[in-house]
4 protein chains.
Amino acid sequence: MKPSIEHIYRRRIHFSETDAAGVAHFTALASLVEEAEHDFFFAKGVAPFAADSGWPRVAFSVQYEAPCFFGEEVAVSLTDFSVAKSSVSYSFRAEKEKAGETVTVFRGAMTICHVRRNPEAGAGAFSPEPISDVVRGALFGLRGCSQI
Amino acid sequence: MKPSIEHIYRRRIHFSETDAAGVAHFTALASLVEEAEHDFFFAKGVAPFAADSGWPRVAFSVQYEAPCFFGEEVAVSLTDFSVAKSSVSYSFRAEKEKAGETVTVFRGAMTICHVRRNPEAGAGAFSPEPISDVVRGALFGLRGCSQI
Amino acid sequence: MKPSIEHIYRRRIHFSETDAAGVAHFTALASLVEEAEHDFFFAKGVAPFAADSGWPRVAFSVQYEAPCFFGEEVAVSLTDFSVAKSSVSYSFRAEKEKAGETVTVFRGAMTICHVRRNPEAGAGAFSPEPISDVVRGALFGLRGCSQI
Amino acid sequence: MKPSIEHIYRRRIHFSETDAAGVAHFTALASLVEEAEHDFFFAKGVAPFAADSGWPRVAFSVQYEAPCFFGEEVAVSLTDFSVAKSSVSYSFRAEKEKAGETVTVFRGAMTICHVRRNPEAGAGAFSPEPISDVVRGALFGLRGCSQI
């Protein structure tokens, strides 16, 4: 299922996120993607994390195209959602304004998986769990597709 | 109880820990203190964290005296331990070598508290718990002082 | 000089800032204080950092009073500013709402120092520099007090 | 040029690197890859960063296969190096021991680019620069291939 959704999340780069090269460290930019995703979940009324369930990252790929400096505002947009039985994939693109033009800072793709804590699999273990119809509907406006 | 213990932990500053000023960010240096403490716990055979118990920070004070750069090795020494019923305080000092001399990077004091998960106090809540004689003995070589 | 200023900065705790105890890590909360300070600088039109100057931390002390969880909004207020020749001190307090009540998450004091890059003192070195009247006026509404 | 090199870097997961799901956060694991790379540079006597040059990340892709907990030791191996005019690509794999077996925690590929600060391109800007024969030789044992 490929719902037509775009979610945009904006915030400034913090000083703690920069590195000695003077730019936002690549892991701080990676964290922005997760933040944008959580912001999307919150906006849809779905908790992205609970004591016994969550959405760990399965795959992440990113291309860094322009540096981003302390204090600059970045807009991370999530698009091209693809929803499977227990997992969700999407594309992301982060942009900033520079001299009146929009510059792509980084872009890539993320896959996350819905999991539930599974004590039988060991301490701290989680196992994949199908995304419920309620969550599927709330996040993506999809109905009756848990059979996918 | 004031056991006479010194624990030293050494490691390099990672690039991700530097900031745009070119030096280790103050929060990365703060994290080094916790790492040194955990290294001490591991050395004594005591787990610093478990699903239902841990040692959160209660108080932390630090003075930053010299910058520390990417790739430099810092030695964090923990001393002046003071052990109370549920809490432990200690002093810390981080040093680096510069042109053949030892330079203090930062120093201060930390207080941590032994806690146990307490579902009755709410989701995610922990409550203070006296440090057991076993842990007291393993960490500090103290005996029979859980009455303190 | 003790200008009567209060600056409040609010934001949610990110997932990347939590730790295995399920709460915001103490270094993430420390970073919030710096963010609040930078937010104050931006609000006053003063750059908190430039290639050749900045405001490193000199001293930081904090007491952690209540845990803070993923997704919770924290309001960090900066008060009790005290302005000296090259340094600024202030108190901070972070609060969150819980069951309709305001809870203090942490509080403490920070001292920062205005510095300028000083190549003569070595690669990457900075030296203290008096806070200019312009910055003093913009940040604190103070006039003619660079003699202090 | 595809030098036959493998570099292995090991360290424990710090508490500050875990998240509320109880496992190392995906950005902390990403940072481990950069650390392993810098460890490789240091081992070869090549500075991974200087005030006027560095090796920013261009592309990064990773698959997360098993969780990693606080205190666990991870071994990150870098292999399949591919050296171009200004850039280097490599594969990475992180493993841990679990119940006597070796488990893959994550694996993927990284591309970095050698750059030099370029004030003409703007404040804080860097531009790609060919990898020198000296660095090419020191890192990869390659000779005379800067024409590539």
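Structure report, in brief. Computed from a predicted model, the values in this text were never measured in an experiment.

1. What about the overall build of chain A?
Okay, so step 1: Along the backbone of chain A there are 2 helices and 8 strands.
Okay, so step 2: In sequence order, chain A lays out its α and β elements as β-α-β-β-β-β-β-β-β-α.
Okay, so step 3: Dimensions along the principal axes, computed over C-alpha positions, put chain A at roughly 50 × 35 × 25 Å.
Okay, so step 4: By the burial criterion, 51% of the 148 residues in chain A qualify as buried.
Okay, so step 5: Residue pairs in contact within chain A that sit at least 24 positions apart in sequence constitute 62% of those at least 6 positions apart.
Okay, so step 6: Of the roughly 6,400 Å² that chain A leaves accessible, carbon and sulfur atoms contribute 50%.

2. Quick word on the interface of chain A and chain C
Okay, so step 1: At the interface, 15 residues of chain A touch 15 residues of chain C.
Okay, so step 2: Around 1,300 Å² of area is buried between chain A and chain C when both sides are counted, 68% of it from carbon and sulfur atoms.
Okay, so step 3: It is Phe 15, Phe 42 and Phe 70 of chain A in chain A that bury the most area against chain C; as a group they hold 38% of the surface buried on that side.
Okay, so step 4: Seen at the junction of chain A and chain C, the total is 0 salt bridges.
Okay, so step 5: One can count 4 residue pairs in polar contact (both at pLDDT 80 or more) joining chain A with chain C.
Okay, so step 6: Broken down by secondary-structure element, the contributors of at least two residues to the side of chain A that touches chain C are strand S1 (7–12) and helix H1 (26–43) of chain A.

3. Some words on the interface of chain D and chain A
Okay, so step 1: With 23 residues of chain D at the interface, the matching set in chain A holds 23 residues.
Okay, so step 2: Per-residue buried area on chain D facing chain A is highest for Phe 26, Phe 60 and Tyr 64 of chain D; these three make up 27% of the total on that side.
Okay, so step 3: Our count for the chain D to chain A interface comes out at 0 salt bridges.
Okay, so step 4: Looking at the side of chain D that touches chain A, the elements with two or more residues in it are helix H1 (26–43) and strand S3 (57–64) of chain D.
Okay, so step 5: The element best represented in the side of chain D that touches chain A is S3 of chain D, accounting for 8 residues.
Okay, so step 6: Residues that form the side of chain D that touches chain A fall into these classes: 14 nonpolar, 6 polar and 3 charged.
Okay, so step 7: Summarising the sheet, strand S3 (residues 57–64) of chain A and S3 of chain D pair through 5 bridges and their orientation is antiparallel. Of the residues in S3 of chain D, the one forming a bridge with Ala 59 of chain A is Gln 63 of chain D.

4. Regarding the relation of the copies chain D and chain A
Okay, so step 1: If you rotate chain D by 180° and push it 0.0 Å along the axis, it lands on chain A with an RMSD of 0.0 Å. The two molecules are tied by a two-fold rotation axis, judged by turn and shift. The C-alpha atom lying nearest the rotation axis in chain D is that of Ser 61 of chain D; the distance is 1.9 Å.

5. Let's talk about the sheet that holds strand S7 (residues 115–117) of chain A
Okay, so step 1: Here 3 strands make up an open sheet; going across it, the order is S2-S7-S8 (chain A) and the pairing antiparallel. The sheet is open, and its two borders are formed by strand S2 (53–54) and strand S8 (126–128) of chain A, each paired with just one other strand.

6. Topic: the relation of the copies chain A and chain C
Okay, so step 1: Expressed as a screw transformation, the operator carrying chain A onto chain C has a rotation angle of 180° and an axial translation of 0.0 Å, and the superposed copies differ by an RMSD of 0.0 Å.
Okay, so step 2: Here 100% of the interface residues in chain A have copies in chain C that are interface residues too; the copies meet face to matching face.

7. Notes on unusual backbone geometry
Okay, so step 1: The phi angle at Ala 99 of chain A is positive, at roughly 55°, despite the residue not being glycine.
Okay, so step 2: Within the fold, Ala 99 of chain A resides in the loop between strand S5 (87–98) and strand S6 (101–113).
Okay, so step 3: You will see that Asp 80 of chain C, though not glycine, has its phi angle at about 55°, which is positive.
Okay, so step 4: Tracing the backbone through its elements, the reader meets Asp 80 of chain C in strand S4 (residues 73–83).

8. A look at the pairing of strand S1 (residues 7–12) of chain D
Residues and elements named next belong to chain D.
Okay, so step 1: Burial along S1 is one-sided: His 7, Tyr 9 and Arg 11 are buried, and none of Ile 8, Arg 10 and Arg 12, which face the opposite way, are.
Okay, so step 2: Sheet topology places S1 next to strand S4 (residues 73–83); 6 bridges connect them, and they run antiparallel. Within S4, the position partnered with Ile 8 by the bridge is Ser 77.

9. Details of the sheet that holds strand S7 (residues 115–117) of chain D
Residue and element names in this part refer to chain D.
Okay, so step 1: Pairing in this open sheet of 3 strands is antiparallel, and the strands run S2-S7-S8 from one edge to the other. The open sheet has two edge strands, strand S2 (53–54) and strand S8 (126–128), and neither has a second partner.
Okay, so step 2: Pairing analysis gives 3 bridges linking S7 to S8, with the strands arranged antiparallel. Each residue of the ladder has a partner; that of Val 115, found in S8, is Pro 128.

Conventions adopted
- Residues numbered from 1 in each chain as written.
- Chains lettered and ligands numbered in written order.
- Predicted model: local features only at pLDDT ≥ 70, side-chain atom pairs only at ≥ 80, totals over all residues.
- Heavy atoms only, no water.
- Helix = DSSP H or I, 4+ residues; strand = E, 2+ residues; numbered from the N terminus.
- Buried < 20%, exposed > 50% of the residue type's maximum accessible area, 1.4 Å probe, protein only.
- Contact = heavy atoms within 4.5 Å.
- Areas by Shrake-Rupley, 256 points an atom, 1.4 Å probe, with all protein chains shown as cover.
- Buried area = accessible area lost by both parts, 1.4 Å probe.
- Salt bridge = Lys/Arg side-chain N within 4 Å of Asp/Glu carboxyl O.
- Polar contact = N/O pair within 3.5 Å; in protein donor to acceptor, adjacent residues only side chain to side chain.
- Nonpolar A, V, L, I, M, F, W, Y, C, P; charged D, E, K, R; others polar.
- Pairing = 2+ DSSP bridges.
- Least-squares fit on C-alpha atoms with pLDDT ≥ 70 in both.

Treat this as a map of the structure, not an account of what it does.
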